Number of protein chains: 2
Amino acid sequence: MSGPLHPLAAKIRSVPDFPKPGIIFRDITTLLKDSASLRSAVDALAEHYTGARVQKVACVESRGFILGAALALRLNAGFVPLRKKGKLPAAAIREEYSLEYGTDAMEVHSDAIARGERVLLHDDLLATGGTMSAATKLVDRLGASVVGISFLIELSFLHGRERLRGYDVFSVIQYEAE
Amino acid sequence: MSGPLHPLAAKIRSVPDFPKPGIIFRDITTLLKDSASLRSAVDALAEHYTGARVQKVACVESRGFILGAALALRLNAGFVPLRKKGKLPAAAIREEYSLEYGTDAMEVHSDAIARGERVLLHDDLLATGGTMSAATKLVDRLGASVVGISFLIELSFLHGRERLRGYDVFSVIQYEAE
């Protein structure tokens, strides 16, 4: 994971001190607004899962929705939103997870993923892995299998990958240091 | 706008009394999870804008992100998120708009759309049109032009289209009554 930065990294804007002092925010909007880069990002993600027979791409609200739906289309899979609590109108299951301060919760419709289905998880960024760990639990509880976990960006120095051990974790761009 | 329902309407789940008593919520997740329907929805949207030379697809957080990015890819355009306040890390402009109770605000990065660009706006659902009206103002303030406004679903009986008069408004599925 310590190779050179992917060419798409040049399209990411680094914003110091957002959302708070000392944090460098990796802003993907500068990549997304460029049509060629948008396409390259979806290509890079989709190529990794060629032949993986993905049936659903389940994506974390809200930035995970952006590339996730395009990825689902490319893989001929369905799209499933993993939403913040209270947003889904039908019967859903919930997982709570820890944030730096307090907890948050993620929900998925109980009928969004069928037992035995092959699910690819997606979010824009892997930090500590807490959110995505909750996502894997939701898929497990529905009796489906996680065939991969995909991110556009991985903040490798936060070691989120260790929290997702046992899964195939793929990211397009890795940052080795803050 | 009073023709038969689009075949994709059969994939929408109607949930009574969500988010509150008396409201029928039109749930698009049952459409999105079906790969063929997901593709048909993006096809239907993209076909309407063939030849429109769209350069950016600007999409309302968060459900507008889902089909919006896939639509941008299909049109060889860039993707621009219109986000709730405080989420965008770089310099942004803001529009406030009224909700049933109180107000909300939407932001776009100041450099997300260039002066003179051709912008397609997208959200999943047109209700009263208040949110999308704010979106048109953001594009106007950046000196760009709105070449169309697209929705998967239009609740025609709420007359949101009147609030967006002067724009080319397109929706795939229309509901004529609650």
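Residues numbered from 1 in each chain as written. Chains lettered and ligands numbered in written order. Predicted model: local features only at pLDDT ≥ 70, side-chain atom pairs only at ≥ 80, totals over all residues. Heavy atoms only, no water.

Peer 1: Please clarify how the pairing of strand β1 (residues 13–16) of chain B should be interpreted in this entry.
Peer 2: Each regular strand displays side chains that alternate between the two surfaces of the sheet. Residues and elements named next belong to chain B. Burial along β1 is one-sided: the residues R13 and V15 are buried and none of S14 and P16 is. Pairing analysis gives four bridges linking β1 to strand β2 (residues 24–27), with the strands arranged antiparallel. Of the residues in β2, the one forming a bridge with R13 is D27. (Buried < 20%, exposed > 50% of the residue type's maximum accessible area, 1.4 Å probe, protein only. Helix = DSSP H or I, 4+ residues; strand = E, 2+ residues; numbered from the N terminus. Pairing = 2+ DSSP bridges.)

Peer 1: Can you walk me through the packing of helix α2 (residues 35–48) of chain A against helix α3 (residues 63–74) of chain A in this structure?
Peer 2: In helix packing, the relevant descriptors are the interaxial angle and the interaxial distance, both defined with respect to the helix axes. All names here are of chain A. α3 packs onto α2 with a crossing angle of 60° between their chain directions and a minimal axis gap of 10 Å. Compared by their axis directions, α2 and α3 come out oblique. The interaxial crossing formed by α2 with α3 has right-handed handedness. On α3, the residues that touch L38, R39, A41, V42, D43, L45 and A46 of α2 are L67, A70, L71 and R74. Considering only residue class, the contact of α2 with α3 consists of eight nonpolar, no polar and three charged. (Axes fitted to C-alpha atoms, helices over the stretch in contact; angles between N-to-C directions. Parallel < 35°, antiparallel > 145°, perpendicular 65-115°, else oblique. Left-handed = near helix turned anticlockwise from the far one by under 90°. Contact = heavy atoms within 4.5 Å. Nonpolar A, V, L, I, M, F, W, Y, C, P; charged D, E, K, R; others polar.)

Peer 1: Looking at this structure, I do not really get the side chain of B:K56. What am I missing?
Peer 2: Relative to the assigned elements, B:K56 resides in strand β3 (residues 56–60). Its relative accessible area of 7% is what places B:K56 among the buried residues. Residues in contact with B:K56, not counting those within four places in the same chain, are A:K33, B:A77, B:G78, B:V80, B:A112, B:I113, B:A114, B:E117, B:R118, B:V119 and B:L120.

Peer 1: Before we go on, may I ask you to explain the pairing of strand β9 (residues 169–175) of chain A in this structure?
Peer 2: All names here are of chain A. Taken across its seven residues, β9 has seven buried, putting it largely inside the fold. Pairing of strand β8 (residues 145–155) with β9, which is carried by six bridges, proceeds in the parallel orientation. Residue pairing in the sheet places S150 in a bridge with F170 of β9.

Peer 1: Can you walk me through the relation of the copies chain A and chain B in this structure?
Peer 2: Relating one copy of the chain to the other takes a rotation about an axis and a shift parallel to that axis. The transform that puts chain A on chain B rotates by 180° and translates by 0.0 Å along the axis, for an RMSD of 0.0 Å. In the structure described here, the two chain copies are related by an operation that fits a two-fold rotation axis. Relative to the rotation axis, the closest C-alpha in chain A is found at A:A70, a distance of 2.3 Å. Most of the interface of chain A is mirrored in chain B, where 100% of its interface residues are also at the interface. (Least-squares fit on C-alpha atoms with pLDDT ≥ 70 in both.)

Peer 1: Whenever I open this one, the packing of aromatic side chains confuses me. Can you help?
Peer 2: Each aromatic ring pair is specified by the distance between its two centres and by the angle formed by the two planes. Following the criterion strictly, the structure yields six aromatic pairs over all chains and no others. Aromatic side chains A:F65 and A:F79 sit 5.7 Å apart centroid to centroid with 85° between the ring planes, which places their arrangement in the edge-to-face category. Within this pair, whereas A:F65 is found in helix α3, its partner A:F79 is found in strand β4 (residues 78–84), the two being separated by 14 residues in sequence. Across the pair, A:F79 and A:F65 agree in class, each one buried. Of note, B:R26 hangs over the ring of B:Y175, and the distance from its end group to the ring centre comes to 3.9 Å. (Phe/Tyr/Trp six-rings, centres within 6.5 Å; stacked < 30°, edge-to-face > 60°. Lys NZ or Arg CZ within 6 Å of the ring centre and 35° of its normal.)

Peer 1: How should the sheet that holds strand β5 (residues 92–98) of chain B be read in this particular structure?
Peer 2: Neighbouring strands of a sheet are bound in pairs by backbone hydrogen bonds; such pairs are parallel or else antiparallel. Residue and element names in this part refer to chain B. If you trace the seven strands from one edge of the open sheet to the other, you get β5-β6-β4-β3-β7-β8-β9, paired in mixed fashion. Whereas interior strands pair on both sides, the edge strands pair on one side only; in this sheet they are β5 and β9 (169–175). Each neighbouring strand pair of the sheet contributes to a mean axis angle of 20°, computed without reference to strand direction.

Peer 1: Is there a simple way to think about the confidence of the model for chain A in this case?
Peer 2: Scored by pLDDT, chain A has a mean of 96; 98% of the residues are at 70 or more. On the interface metric, ipTM, the complex scores 0.96, and its pTM is 0.97. (pLDDT = per-residue confidence, 0-100.)

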